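Now for the letters of each chain:
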Amino acid sequence: PIDVGPLARQIVVSLTPLAEERGVAVTLEADPEPLAVLGDRDEILRLVENLVENAVKYGGEGAHVAVRVARTPCEEGRTPQIEIAVQDDGPGIAPEHLPRLTERFYRVDAVSSRQQGGTGLGLAIVKHILNRHRGRLSVESEPGRGSTFRAVIPALVEETPPARPVPSPQSA
Ligand code: ATP
Ligand code: MG
């Protein structure tokens with residue numbers, strides 16, 4: 001099992017030099033309890049990295065990026081989810097672009113995105129990784145106010161060990 005909290009911390013630490021260079025502040029809040037999912041550790045790292053890197057790159061000078069990892073409350077009988085939310089208060093994304101963000105090579109503003117380097121594959125990879133982990137991506141964004149990308153992955157549910165059978169009186 002992969003504990004997503006420490007993994008998100010690792011990504012935030014590794015992106016600190018980029019964030020400092022861009023004048024972006026990154027904060028992390030993770031529930032203290034284990035936030036376990038089943039899957040490929042390197043892929044989950046890559047997923048979180050792509051989302052946080054985007055928020056830092058596109059948030060712009062002075063932006064604040066908030067990374068939150070939590071177990072989402074679930075209805076009775078439903079699998080709980082681990083949610084990784086990456087919120088920035090940058091320029092946001094116009095609604096007409098939202099449905100296409102996870103297409104390979106799709107970039108909102110080709111010219112200014114090109115100045116940021118990259119190829120337009122980050123979110124396509126995120127979507128692919130989420131598919132492999134039975135997860136989902138959602139995006140909320142408002143131009144001028146910022147964006148929130150949310151990835152949810154089914155939590156690993158600890159099975160309660162089956163109750164020991166009551167020993168029956170030994171029959172001869
Ligand atoms: P790569 O990830 O391959 O380096 P990329 O960042 O351009 O390149 P994606 O991560 O797939 O590619 O993002 C696609 C486009 O979505 C970006 O080019 C950018 O225009 C837009 N985008 C992504 N995240 C944000 C964000 N947090 N705020 C504003 N625009 C964003
Ligand atoms: Mg990217």
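What counts and how
- Residues numbered from 1 in each chain as written.
- Chains lettered and ligands numbered in written order.
- Predicted model: local features only at pLDDT ≥ 70, side-chain atom pairs only at ≥ 80, totals over all residues.
- Buried ≥ 20, exposed ≤ 12 C-beta atoms within 10 Å, placed from the backbone.
- Helix = DSSP H or I, 4+ residues; strand = E, 2+ residues; numbered from the N terminus.
- Arc of directions from axis to C-beta.
- Near = placed C-beta within 6 Å.
- Nonpolar A, V, L, I, M, F, W, Y, C, P; charged D, E, K, R; others polar.

In the annotation of an unreviewed UniProt entry, the protein is listed under the name histidine kinase and assigned to Methylobacterium nodulans.

Description of helix 1 (residues 4-14)
Residues that lie three or four places apart on an α-helix share one face, since the helix turns once every 3.6 residues. Residues Val4, Gly5, Leu7, Ala8, Ile11 and Val12 constitute the buried set of helix 1. Down the axis of helix 1, the smallest arc covering the buried residues is 165 degrees, so these residues share one side. Set apart from the buried face of helix 1 by more than 90 degrees, the exposed residues are Pro6 and Val13.

Examining the site of ligand 1
Arg107, Val108, Gly118, Gly122 and Leu123 are the nearest of the 21 residues found near ligand 1. Of all the secondary structure elements, the ones that give two or more residues to the shell around ligand 1 are helix 3 (41-59) and helix 5 (122-132). With four residues, the top contributor of residues to the shell around ligand 1 is helix 3. The residue makeup of the shell around ligand 1, split by class, is nine nonpolar, nine polar and three charged.

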